Amino acid sequence: MDHAALIACIEQIAPPAGAAAWDNCGVQVAGTRQDVRRLAVTIDPAPERLREALAWGADMVLTHHPLYMEPRPLSHPGYFLDAARAMLASGAWLFAAHTSLDVQPAGPAGWLARALELTGLRVLEPTGPDAPRTGFGLAGELPAPLPWDDFAARLADCVERDFWALAGETPRTVGTVAYCTGSGAALGGAARAAGADVLVTGDLKYHQAMEAEIFTIDVGHFSLEERMVREMAALLDERLGPQGVAVRFFPGSDPLRVHLPR
């Protein structure tokens, strides 16, 4: 498949018009290969993931997170230079679908709502030309309210991280759930206005926790978006496989680790 046609397929799922103004979606490294027969999909443009994808024979690598938010010089050793070197030497394309994917709740970004069987879905922070259908975060009702411990057990079946951070007063029952992939702790007010009992997200900061407007569960940025990207890969495989493009998901790794000194 021509690389431009493949990019158009990605952008049908994650339209660039929906991306945040501060974001860097789209082509990160322009390749020299016109034909794409193998597409690798992974969460981060980490050098080790890119090397794995290129060793597999990827003609294009699709990541969720961009290679950079602001242009950087190719003069300092590290993550950015190693990633750029790997892609430039290969001739393969590097493309990112970041907030353009996050704001499409009907797509892979809505995976947790589907896993929890939420109904009556509404967007927490509508954005873009298709608002209110698109935007950051979702809220919806569980099939039936659950005691907190039962809801926590159900959520644990959905997310792979084995530790969470909690802020705010723990509710006795949970009937309405809000969540946002990635860094969504700032949506506490919107979640509360949507009638949610809990907000599930990642990257909860100290002062956000101190002033939490709603019971907030930080299950980790990575755990929410790794699953989203895996679902993106499956969707692309379904659409591109019949057209002769092999799609492969390359698992990422959470850069945060837990250390228990005692």
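Please refer to the structure higher up on the page.
What counts as what
- Residues numbered from 1 in each chain as written.
- Predicted model: local features only at pLDDT ≥ 70, side-chain atom pairs only at ≥ 80, totals over all residues.
- Heavy atoms only, no water.
- Helix = DSSP H or I, 4+ residues; strand = E, 2+ residues; numbered from the N terminus.
- Rg over C-alpha atoms; globule rule 2.2 N^0.38 Å.
- Contact = heavy atoms within 4.5 Å.
- Areas by Shrake-Rupley, 256 points an atom, 1.4 Å probe, with all protein chains shown as cover.
- Lys, Arg positive; Asp, Glu negative; His and termini not counted.
- Charge placed at Lys NZ, Arg CZ, Asp CG, Glu CD.
- Core = buried A, V, L, I, M, F, W, Y, C linked by side-chain atoms within 4.5 Å.
- Buried < 20%, exposed > 50% of the residue type's maximum accessible area, 1.4 Å probe, protein only.
- Pairing = 2+ DSSP bridges.
- Axes fitted to C-alpha atoms, helices over the stretch in contact; angles between N-to-C directions.
- Salt bridge = Lys/Arg side-chain N within 4 Å of Asp/Glu carboxyl O.
- Phe/Tyr/Trp six-rings, centres within 6.5 Å; stacked < 30°, edge-to-face > 60°.

Caption draft 1: Focus on the overall build of the chain. When its secondary structure is counted, the chain shows nine helices and 11 strands. A compact globule built from 262 residues would reach a C-alpha radius of gyration of about 18 Å, and the chain, at 19 Å, matches this within 12%. Put simply, 66% of the contacts in the chain that link residues at least 6 apart link residues at least 24 apart. Taken as a whole, the chain presents about 12,600 Å² of accessible surface, with 52% of it coming from carbon and sulfur. When the 21 positive and 32 negative side-chain charges of the chain are each reduced to one mean point, those points stand 4 Å apart.

Caption draft 2: View of the nonpolar core. If you look at the biggest cluster of nonpolar residues, it comprises 52 residues, and the most contacted ones within it are Leu39, Phe151 and Leu236. Ranked by residue count, the leading element in this core is helix H9 (residues 221-240), at eight residues. Excluding its chain neighbours within four sequence positions, the residues that come into contact with Leu236 are Cys9, Ile10, Ile13, Leu39, Val41, Leu62, Gly241 and Val247. In terms of nonpolar packing, the next biggest core, distinct from the first, is built from 16 residues, Leu50, Val61, Ala86 and Ala92 among them.

Caption draft 3: Quick look at the sheet that holds strand S11 (residues 246-249). In spatial order, the strands read S1-S4-S3-S2-S11; together these five strands make up an open sheet with mixed pairing. What marks the edges here is a single partner per strand, and that holds for strand S1 (26-29) and S11. Mean inter-strand twist for the sheet, computed between neighbouring axes without regard to direction, equals 25°. Inspection of the sheet shows S1 paired to strand S4 (residues 93-96) by three bridges, in the antiparallel sense. Its bridge partner being in S4, Val29 is matched across the sheet by Leu94. Sheet strands touched by helix H2 (residues 47-56): strand S2 (38-42), strand S3 (60-63), S4 and S11. Its angle to S2, the strand with the most contacts, is close to 160°.

Caption draft 4: The pattern of salt bridges, seen in detail. Counted according to the given criterion, the structure contains 10 salt bridges. Among the salt bridges present, the one from Arg122 reaches Glu141, with a minimum N-O distance of 2.9 Å. Linking Arg122 in strand S5 (residues 119-126) with Glu141 in strand S6 (residues 135-147), this pair joins segments that are 19 residues apart in sequence. By relative accessible area, which is 25% here, Glu141 ends up partly exposed. Ionic pairing is found between Arg230 and Glu160, a salt bridge with its closest N-O pair at 3.3 Å. Remark: Glu160 occurs in the loop between helix H6 (148-158) and strand S7 (165-167) and Arg230 occurs in helix H9; sequence separation between them is 70 residues. Overlapping salt bridges bring together Arg114, Arg227 and Glu231 as one network.

Caption draft 5: Local environment of the packing of aromatic side chains. Scanning all chains against the criterion turns up four aromatic pairs. With centroids separated by 5.8 Å and ring planes inclined at 65°, the aromatic side chains of Trp56 and Phe250 adopt a geometry described as edge-to-face. Of this pair, Trp56 sits in helix H2 while Phe250 is found in the segment after S11, placing the two residues 194 residues apart along the sequence. For the pair Trp56 and Phe250, a shared accessibility class is recorded, and that class is buried. When the centroid spacing of 5.1 Å and the interplanar angle of 90° are considered together, the rings of Trp148 and Phe215 count as edge-to-face. On the criterion of sequence distance, the pair formed by Trp148 in helix H6 and Phe215 in strand S10 (residues 215-218) is long-range, its members being 67 residues apart. Of the two residues examined, Trp148 and Phe215, each falls in the buried class.

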